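# Structural description and commentary
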Amino acid sequence: MGRYILRRILQSIPVLFGISLITFLIVNTAPGDPALLYMDRSSNPTPEDIQEVRRELGLDKPLPVRYVEWVGRAMVGDFGTSFKDKRPVIDRISETLPYSIKLSVISILFGYVTAILLGILAAVKANSWIDYIISFFSALFVSAPVFWVALMAILVFSVKLDLLPTSGWSDYGNESIWNVARHLILPVTILALRDIAGMSRYVRSGLLEVLRQDYVRTARSKGLQERVVIFKHALRNSLIPVVTVMGLSLPALVGGAVLTETVFGLPGMGRLAVGSIANRDYPMLIAINLLSAVMVVLGNILADAAYGWVDPRIRYN
Amino acid sequence: MAEPAKKIEQQKVDYSVTKSVESPLRIFWKRLRTHKPSMFSLVILFVILLLAVLAPYVTVFDPEKVDLSLKFAPPFTRSADGHIMLFGGDNLGRDVFTRAWYGARVSLMVGFLAEGLGIVLGAILGAISGYYGGWIDTLLMRIVDIFLSIPTLILLITVMAVYGPLVPKGGEKYLIVVVLGILGWQGTARLVRGEILSLKERDFVEAAKGLGARDRRIIFRHILPNVMAPIIVSVTLGVSGAILSEASLSYLGVGIQPPVPSWGNMIQSGQNYLRNAWWITAFPGAVLCLTTLALYMLGDGLREALDPRLKK
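Treat the numbers as computed from the prediction; the structure is a model and nothing was measured.

Helix and strand counts for chain A come out as 14 helices and 0 strands. Ordered by position from N to C terminus, the α and β elements of chain A give α-α-α-α-α-α-α-α-α-α-α-α-α-α. The buried share of chain A, taken over its 317 residues, is 38%. Of the contacts formed within chain A by residues at least 6 apart in sequence, a portion of 72% connects residues at least 24 apart.

Below, the structure written as structure tokens:
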């Protein structure tokens, strides 16, 4: 198992190089001089000043050299200086990343548990009105725009009913767990909706498939309670296809987190990316692209490792 | 000389037999017609498309004309010349209903064109990959792997932030089409490649090869038509995805720039007035949601109609 994970990590290195190359090229082949973005334009820089900044940012070197140097520095966590506040990019990211990770992990856990429960319900009550309602809402939330659903939730639960706060991670100066939890109810639910909607369909069809099999009939015919049949015998096998799509849904989750953080004003990395647009903060944008890709790749490896847990027939060799 | 003539005649008989067999697309349509949610979605999509195309005839309001006397007018308010504002007025007194349908023109156009581009790229690259195999297949599939593990929205934001300010005003929709197309071919490529891998071993491809058909003819005339059905499914889901991406970008301020309306930037401009004028945000989003839901349910129905396991 440990060797398998190590091999998967090694295999993902070319993928990460590919991603770094793509984002680096997108940003660095754009017309216009990044040095001008870095400088305060109101100070009327002379051509010599610009030349100086270009040298400082390494822009006077040829593109391949710049890429190699950039990768070398990125590997030790140096992503350069933000155009916006001239602070190291890594500092801003390490301030915001914990919030994004907390939001995503809570959403994933909440989402998968809910999805599994709803999927079981839909499968057990297959072709009943409960099943139809679940499948309608899952179609709705798989296809709905996250940011609009978030705004409508704010309209109903915060503005009209005045039950929950509209934005922020917590009230100012009050970091108690209850305060944070109250602030996170809406964002976590909204971010999890897509996974709930998508996964519950896979759980439903997976379970229906498994329930038709002989060993389930055997379990039933020896007089086991239906609950035992489903949770002890059928569920684990029905989760195999679910684990497959878990990894695939991660890029969408990261994208959803960007929108959710923006709507709810959460201090995460996604909102940092959106905030970097106006300043065209290239070093920040490249770093966020790369780090979110790293997170997706790691998540995929974890999902693959989970595969072996649900399906012991799978051998990692 | 008698034998070949016989063979030709036999072929003729075979031909008439195959003619009486229903084409796959026909069977497909027959099955789809019995799927109520899909037919309902088709009707909704048709209405939305019609309203978008006929927007200048559906409404008398100018989508970009500011009228501060109608600022935050609630739904069903009558304007000075007696026209009803079905969805109310926005923060600049413009008719939300009118803007929603002009916005639909932009959003639908971007969605269909971007997905169209993605499908063409995906079909060509997937066909090359599956048909030729070898190093070109390995290379293309590695690229697909890379793209599928990139969180696309963040990459899209980056591209639009970098290149958005460089395109002339009004040109951002074409930039979005190109970028979404380039970032949206991987799923199709993988699909087409898989289908081709199984199709290229089949007898009719061998026969075409035996008759001396060139690779391009085999791919485009013999293989791709057989992949059409799964492509149609992925198109409906892809258009829905492209519309959502455009809306997200416009919502974040890097997509379609105001005053030109798009569903995304209308929602963005309304969100600050949620407390007092919810309709600015709610209605464009509802139309957007209805569109993507209908596309999704249609795709779902299509997939079911295609599933060989459900054959009667």
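Right, let's get into the overall build of chain B. Along chain B, the regular secondary structure elements total 13 helices and 2 strands. By the compact-globule yardstick of 20 Å for 312 residues, chain B is too spread out, its C-alpha radius of gyration being 24 Å. Each of the three principal axes of chain B carries a C-alpha extent, and together these read 90 × 40 × 30 Å. Taken over 312 residues, chain B has a buried fraction of 44%. For chain B, long-range pairs separated by at least 24 residues make up 70% of all intrachain contacts whose partners lie at least 6 apart in sequence.

It is worth spelling out unusual backbone geometry at this point. Cis peptide bonds are those with omega within 30 degrees of zero, and the linkage from Pro258 of chain B to Pro259 of chain B qualifies with 10 degrees. Summarising the element assignment, Pro259 of chain B is placed in the loop between α11 (215-251) and α12 (263-270). Phi angles above zero are rare outside glycine, and Asn127 of chain A is one such case at about 60 degrees. Locating Asn127 of chain A in the fold gives a position in the loop between α5 (89-124) and α6 (129-143). The class of Asn127 of chain A is exposed, set by 8 C-beta atoms lying within 10 Å.

Further remarks concern the nonpolar core. Among the nonpolar cores identified, the biggest contains 153 residues, and Phe147, Ala150, Ala273, Ala287 and Ile288 of chain A together with Ile157 of chain B are the most heavily contacted of them. Per-domain counts for this core show at least three residues from each of domain 1 (2-74) and domain 2 (95-310) of chain A. Residue contacts for Ile288 of chain A: discarding those within four places in its chain leaves Ile93, Met269, Leu272 and Ala273 of chain A together with Ile154 of chain B.

Attention now moves to the environment of Thr188 of chain B. Residue and element names in this part refer to chain B. With respect to the helices and strands, Thr188 occurs in helix α9 (residues 186-199). A residue is classified by how many C-beta atoms lie within 10 Å of it, and Thr188, with 25 of them, is buried. Separated by 110 residues in sequence, Thr188 and Arg78 place their C-alpha atoms 48 Å apart. With residues up to four places along the chain from it excluded, the contact list for Thr188 reads Gly118, Ile119, Gly122, Ala123, Gly126, Ile231 and Ser234.

Attention shifts here to the interface of chain B and chain A. On the side of chain A, 39 residues touch chain B, which itself brings 39 residues to the contact. Of all the secondary structure elements, the ones that give two or more residues to the side of chain B that touches chain A are α6 (134-148), α7 (152-163), α11 and α13 (279-306) of chain B. Partitioned by chemical class, the residues of the side of chain B that touches chain A number 26 nonpolar, 10 polar and 3 charged.

The residue Leu166 of chain B is located in the loop between α7 and α8 (172-182) in this model. Residues Leu166 of chain B and Asp145 of chain B, spaced 21 residues apart in sequence, show a C-alpha to C-alpha distance of 30 Å.

Cut-offs applied
- Residues numbered from 1 in each chain as written.
- Chains lettered and ligands numbered in written order.
- Predicted model: local features only at pLDDT ≥ 70, side-chain atom pairs only at ≥ 80, totals over all residues.
- Helix = DSSP H or I, 4+ residues; strand = E, 2+ residues; numbered from the N terminus.
- Buried ≥ 20, exposed ≤ 12 C-beta atoms within 10 Å, placed from the backbone.
- Contact = placed C-beta atoms within 7 Å.
- Rg over C-alpha atoms; globule rule 2.2 N^0.38 Å.
- Core = buried A, V, L, I, M, F, W, Y, C linked by C-beta atoms within 7 Å.
- Domains from an automatic or database assignment.
- Nonpolar A, V, L, I, M, F, W, Y, C, P; charged D, E, K, R; others polar.

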